[in-house]
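A structural walkthrough
Here is how the chains run, residue by residue.
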Amino acid sequence: DQQVKQNSPSLSVQEGRISILNCDYTNSMFDYFLWYKKYPAEGPTFLISISSIKDKNEDGRFTVFLNKSAKHLSLHIVPSQPGDSAVYFCAASSGGSNYKLTFGKGTLLTVNP
Amino acid sequence: ETGVTQTPRHLVMGMTNKKSLKCEQHLGHNAMYWYKQSAKKPLELMFVYSLEERVENNSVPSRFSPECPNSSHLFLHLHTLQPEDSALYLCASSLTVPNEKLFFGSGTQLSVL
């Protein structure tokens, strides 16, 4: 059973507009969440993270929102740029000595000029 | 050279072959990981090494044999693989374990015929 779900395999937006990528999780023990970005033929790279003690974390054009009651997080990219076109993975962990990151399947974002 | 480098980038092997995947990190990290990404599936953790000691074996079949001779190098030895083992194999490193912020290599795309 998938504990981290990204229900939209793909998303297309216009340059300059907002991109919103969504992620749902089922495991209430998760307390740390991350987004990774992956370009073709490259490995994933860390983008932004959020602890469960916060509901928002911002880094430049990227903001992650966490709604613990809904077990939902989202990544907002404003304004979107063509270079943001990539696969975005949501990941979660339950912290402590748990080494395991549980990943979603990813969402392919395409930003059109 | 910086970051995490993996060789080869592509590998085709028969089910009776023996091959090895190589990973090297130039980041001074103490932990290294092997992940598997099958088509349309999330990234799955295979193995974790901390200071050359294996700390996690995520129920991986014995036809996959990891080796970590030092904190900068990681190998994945492959033998008698099955076609369903065809996938992208990603190496990652982190400063410490546990640590959710991973630095990934570009991966080895493996095809088992």
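In what follows, the structure referred to is the one given above.
Residues numbered from 1 in each chain as written. Chains lettered and ligands numbered in written order. Predicted model: local features only at pLDDT ≥ 70, side-chain atom pairs only at ≥ 80, totals over all residues. Heavy atoms only, no water.

For the rest of this paragraph, the subject is the sheet that holds strand β8 (residues 72–77) of chain A. The strands making up a sheet are joined through hydrogen bonds of the backbone, oriented either antiparallel or parallel. Residue and element names in this part refer to chain A. Taking strand neighbours across the sheet as the criterion, the five strands line up as β1-β3-β8-β7-β6 in an open arrangement whose pairing is antiparallel. Edge positions in the open sheet fall to β1 (4–5) and β6 (56–59), since each of these has one partner strand only. Where β1 meets strand β3 (residues 19–25), two bridges bridge the pair, whose relative direction is antiparallel. Its bridge partner lying in β3, Lys5 is registered against Asp24. (Pairing = 2+ DSSP bridges. Helix = DSSP H or I, 4+ residues; strand = E, 2+ residues; numbered from the N terminus.)

Residues and elements named next belong to chain A. Between Val78 and the following residue, Pro79, the backbone shows a cis peptide bond with an omega angle of -15°. Here Lys71, not a glycine, exhibits a phi torsion of approximately 50°, which is positive. Mapped onto the elements of the fold, Lys71 is located in the loop between β7 (62–67) and β8.

In this section: the environment of Gly106(A). All names here are of chain A. Structurally, Gly106 is set in the loop between β10 (102–103) and β11 (107–112). For Gly106, a relative accessible area of 9% puts it in the buried group. In this structure, the C-alpha to C-alpha distance between Gly106 and Ala70, residues 36 residues apart in sequence, is 20 Å. Setting aside its immediate chain neighbours within four residues, Gly106 contacts Gln6, Ser8, Pro9, Val87, Tyr88 and Phe89. (Buried < 20%, exposed > 50% of the residue type's maximum accessible area, 1.4 Å probe, protein only. Contact = heavy atoms within 4.5 Å.)

What follows concerns the interface of chain A and chain B. Quite often, the size of an interface is put as the accessible area lost when its parts meet. Counting residues at the interface gives 22 residues for chain A, matched by 22 residues for chain B. Buried surface at the junction of chain A and chain B, summed over both partners, amounts to about 1,700 Å²; 65% is from carbon and sulfur atoms. The interface formed by chain A and chain B includes one salt bridge. One can count six residue pairs in polar contact (both at pLDDT 80 or more) joining chain A with chain B. When residues of the side of chain A that touches chain B are traced back to their parent elements, those giving at least two are β4 (32–38) and β9 (86–93) of chain A. Partitioned by chemical class, the residues of the side of chain A that touches chain B number ten nonpolar, eight polar and four charged. (Buried area = accessible area lost by both parts, 1.4 Å probe. Salt bridge = Lys/Arg side-chain N within 4 Å of Asp/Glu carboxyl O. Polar contact = N/O pair within 3.5 Å; in protein donor to acceptor, adjacent residues only side chain to side chain. Nonpolar A, V, L, I, M, F, W, Y, C, P; charged D, E, K, R; others polar.)

What follows deals with the pattern of salt bridges. In total, this model carries four salt bridges over all chains according to the counting rule given. Between Asp84(A) and Arg61(A) there is a salt bridge, with its nearest N and O atoms 2.8 Å apart. Within this pair, whereas Asp84(A) is found in the loop between β8 and β9, its partner Arg61(A) is found in the loop between β6 and β7, the two being separated by 23 residues in sequence. With a relative accessible area of 22%, Arg61(A) lands in the partly exposed category. For Glu56(B), the salt bridge is made with Lys100(A), and the minimal N-O distance between the two is 3.6 Å. A residue pair is termed interchain when its members come from two chains, as with Glu56(B) in strand β6 (residues 53–57) and Lys100(A) in the loop between β9 and β10.

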